[in-house]
Amino acid sequence: MSIEKSRHHIDSLSSKLDRFWNLSSDNFFSLFLDDLLTGFGVNNGKHYRPIDDNERKQLFELGRMYAQAVIDCPYVDLLGGIYMNLSGRGHKKCLGQFFTPFHVCKLMSDIANHDLITGNFFPEKKVLRISEPTCGSGAMVLGMLSSVKEKYPTLLSKLDFTMVDIDRTCVKMSAIQILSNLLIHQDEIAGLKVYRGNALGPMSEMEFFIGFQNYNDADIVDDIPINTNGGSIGAELDWGWVVNL
Ligand SMILES: C[S@@+](CC[C@H](N)C(=O)[O-])C[C@H]1O[C@@H](n2cnc3c(N)ncnc32)[C@H](O)[C@@H]1O
């Protein structure tokens, strides 16, 4: 992964979004995310509004630029970088969060994966469920996918991710980033579930956003002794391993 290359893509997309946002009537970043999500069949219903010809043209070009960035920078947190750039350029009213820098996520995953592999937590044919209860832009999960793909590519198909965030923009960014990387780089994972909701609240109040599962429940590894948040969230949601909180 080249940091310069990803920085270049993040800056180009941010500048274009920033320029057009100032001409548009509302949150153009959100419109951009909604536009990308329609490619994955997500109907944004009440959150979507009609767009004019100029906006359509800009969104088409932004979509092309984003796809090229994903091709050039596999599993890098591009949207989180764009979000934070835009927040720094005066859009703090709509955006105001900070995410873990991607290279830190990657390093953390490299360390965690080493423990997982050397600790034999990947029994034959079993699926490992990994949860990210406050996923932000999805940087931790992208770091994990990037690390596994680089070091243990055959294990990708054994990973199942559950991602949650209370913020709808974060949920959208996470879904887009994971799905577009899997699609563009032709990778298969065991499963993905993305929810919008309060990770500290009951499962019944979670809103399912998007996901899929390519395995039977009997194949789950159910005893992963790594849990960085003490286990309360994992217990409520029946999650295997909490990556980050
Ligand atoms: C500091 S960001 C970290 C995001 C990501 N884990 C990372 O490392 O880049 C914290 C995230 O937690 C989300 N969050 C805060 N409280 C939450 C809660 N109770 N349930 C779900 N998400 C929450 C916020 O919306 C934000 O996206």
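The name an unreviewed UniProt entry gives the protein chain is DNA methylase adenine-specific domain-containing protein, with Kistimonas scapharcae as the organism.

Along the protein chain, the regular secondary structure elements total 8 helices and 5 strands. Written out in order from the N terminus, the α and β elements of the protein chain read α-α-α-α-α-β-α-β-α-β-β-α-β. The buried share of the protein chain, taken over its 245 residues, is 53%. Partitioning the intrachain contacts of the protein chain with sequence separation of at least 6 by distance along the chain shows that 76% fall at a separation of at least 24. Counting every atom, the protein chain has about 11600 Å² of accessible surface; 52% of that belongs to carbon and sulfur.

This part is about the environment of Ser 131. Relative to the helices and strands, Ser 131 resides in strand β1 (residues 128-132). Taking relative accessible area as the criterion, Ser 131 reaches 1% and is therefore assigned buried. Distance from Ser 131 to Phe 161, taken between C-alpha atoms, is 5.7 Å for residues 30 residues apart in sequence.

When you line up the elements, Arg 56 lands in helix α3 (residues 53-72). Distance in space between the C-alpha atoms of Arg 56 and Asp 35 is 9.3 Å, their sequence separation being 21 residues.

This paragraph deals with a nonpolar patch on the surface. Together, Ile 71, Leu 183 and Ile 184 make up a nonpolar patch on the protein surface, roughly 250 Å² of accessible area in all. Tracing the backbone through its elements, the reader meets Leu 183 in helix α7 (residues 168-184). What makes Leu 183 exposed here is its relative accessible area of 53%.

Our focus in this paragraph is the packing of aromatic side chains. As enumerated under the stated definition, the model contains 6 aromatic pairs in all. Consider the rings of Phe 29 and Phe 32, whose centres lie 6.3 Å apart with planes at 40°: the pair is tilted. Linking Phe 29 with Phe 32, this pair stays in helix α2 (residues 28-38), spanning 3 residues, or about one helical turn. No difference in accessibility class separates Phe 29 from Phe 32, as the two residues are buried. Judged by centre distance (6.4 Å) and plane angle (85°), the rings of Phe 32 and Tyr 66 are edge-to-face. Here Phe 32, found in helix α2, pairs with Tyr 66, found in helix α3; they are 34 residues apart in sequence, far enough to count as distant. Grouping residues by exposure puts Phe 32 and Tyr 66 together as buried. One aromatic cluster is present, formed by Phe 29, Phe 32, Tyr 66, Tyr 83 and Phe 99 through successive ring pairs.

Moving on, we get to the site of the ligand. The environment of the ligand is made up of 18 residues, and the closest members are Thr 100, Glu 132, Thr 134, Asp 165 and Asn 198. Here Asp 165 contributes a side-chain N or O atom positioned 2.6 Å from an oxygen atom of the ligand. One of the backbone N or O atoms of Ala 199 is found 2.9 Å from a nitrogen atom in the ligand. For the ligand, the protein covers 77% of the area, taking 600 Å² as the surface of the free molecule. Of the residues that constitute the shell around the ligand, the class distribution is 8 nonpolar, 7 polar and 3 charged.

What counts as what
Residues numbered from 1 in each chain as written. Predicted model: local features only at pLDDT ≥ 70, side-chain atom pairs only at ≥ 80, totals over all residues. Heavy atoms only, no water. Helix = DSSP H or I, 4+ residues; strand = E, 2+ residues; numbered from the N terminus. Buried < 20%, exposed > 50% of the residue type's maximum accessible area, 1.4 Å probe, protein only. Contact = heavy atoms within 4.5 Å. Areas by Shrake-Rupley, 256 points an atom, 1.4 Å probe, with all protein chains shown as cover. Patch = residues over 30% accessible without salt bridge, like charges linked within 9 Å, V, L, I, M, F, W, Y side chains within 5 Å. Salt bridge = Lys/Arg side-chain N within 4 Å of Asp/Glu carboxyl O. Phe/Tyr/Trp six-rings, centres within 6.5 Å; stacked < 30°, edge-to-face > 60°. Near = heavy atom within 4 Å. Polar contact = N/O pair within 3.5 Å; in protein donor to acceptor, adjacent residues only side chain to side chain. Nonpolar A, V, L, I, M, F, W, Y, C, P; charged D, E, K, R; others polar.

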